[in-house]
Amino acid sequence: MCSITDNSGTKATKATYPVRIENVSTAMTLETTAVADELKEQPVPLSPGAFAVHNGKAPIFTSDEPERDNGLEEVAEDGIPTRLAKWLAEQNGVSQSGAFTTPVGMDAPTPAPAPLTPGSAYEFEFEAKSGDRLSFVTMFVPSNDLFYSPDEIGIDLFTRGEPIDGDVTDRIGLWDAGTEINEEPGVGGHQPQRQRGPGSISSNASLSSRSARSTATPTRTPPMSSM
């Protein structure tokens, strides 16, 4: 689930937005063909990710075009947003950007990057003005290179001059980065929970939806779970 709150309190051309990305999967969200009981049904962890506030189109990816070598591959395959966050900070049309890496309330002396398990959430905040949009990406962890994101142009943060406020989960889709060969989600040996290291196998496809994968472009996929 993704929610955006307008903290401006009044009609404004500029507003502060706290964003909350919550993992609402359960232990039974992902059903697989695995023989082992512990893999037959699984939750869907989400990874640390990156975001951008922008007034241009498609700051992170373009559907059905190759991944831009901007760091999206590292998020989609391994849940590592460092390079993408740095790349976004250098782009024209991006007014604010960053990474969300640590679940809210994580009990550690020095909070470290960690995936979102069921019931946990990432939060971040930014300022935006009329005409700005929000884009972000987070990995569908039990996969080779699937990620959750709004569509390529992002979420319009103002509607008819008013800052948006509320649940925007219906604006989020599941995408296939096309950078790694797909295995069955939750089972594949080259997925983060089971692979020996980042980027185990590769593909030269385009970003696409999961139902329309081509030879490495991001494409939109039918929902595999509800986040």
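Our subject in this report is the structure included herewith. (Residues numbered from 1 in each chain as written. Predicted model: local features only at pLDDT ≥ 70, side-chain atom pairs only at ≥ 80, totals over all residues. Heavy atoms only, no water.)

Some remarks on the overall build of the chain
So, point 1. In terms of helices and strands, the chain carries three helices and 15 strands.
So, point 2. The 227 residues of the chain split such that 48% are buried.
So, point 3. Here the chain has roughly 10300 Å² of accessible surface; of this, 50% comes from carbon and sulfur atoms. (Helix = DSSP H or I, 4+ residues; strand = E, 2+ residues; numbered from the N terminus. Buried < 20%, exposed > 50% of the residue type's maximum accessible area, 1.4 Å probe, protein only. Areas by Shrake-Rupley, 256 points an atom, 1.4 Å probe, with all protein chains shown as cover.)

Let's talk about the layout of surface pockets
So, point 1. What the second largest pocket holds in volume is close to 150 Å³.
So, point 2. If you go around the second largest pocket, the residues you meet are Ser47, Pro48, Asp78, Gly79, Ile80, Pro81, Pro113, Ala114, Pro115, Met139, Val141 and Pro192.
So, point 3. Looking at the lining of the second largest pocket residue by residue, the class counts come to nine nonpolar, two polar and one charged. (1 Å grid on protein atoms, 1.4 Å probe; cavity = no way out; pocket = protein on both sides within 12 Å on 5 of 7 lines; lining within 4 Å. Points joined across faces, edges and corners; volume = space filled by probe spheres on them. Nonpolar A, V, L, I, M, F, W, Y, C, P; charged D, E, K, R; others polar.)

Details of the packing of aromatic side chains
So, point 1. For the structure shown, the criterion picks out 11 aromatic pairs.
So, point 2. Centroid distance Phe61 to Phe147: 5.5 Å. Interplanar angle 75 degrees. Geometry classified as edge-to-face. Taken together, the positions of Phe61 in the loop between strand 5 (49–54) and helix 2 (72–78) and Phe147 in strand 9 (residues 146–150) put the pair 86 residues apart, joining distant regions of the chain. In this pair, the class of Phe61 matches that of Phe147, namely buried.
So, point 3. Following the ring pairs from residue to residue traces out a cluster consisting of Tyr17, Phe51, Phe100, Tyr122, Phe124, Phe126, Phe136 and Phe158. (Phe/Tyr/Trp six-rings, centres within 6.5 Å; stacked < 30°, edge-to-face > 60°.)

Considering helix 3 (residues 82–89)
So, point 1. Those residues of helix 3 lying buried are Leu84, Ala85 and Leu88. Down the axis of helix 3, the sector holding all buried residues measures 100 degrees, keeping them to one side. Of the exposed residues in helix 3, the ones pointing more than 90 degrees away from its buried face are Thr82, Lys86 and Ala89.
So, point 2. On its buried side, helix 3 packs onto strand 5, helix 2, strand 6 (94–100) and strand 8 (133–139). (Arc of directions from axis to C-beta. Contact = heavy atoms within 4.5 Å.)

The values reported here are purely geometric and, on their own, carry no functional implication.
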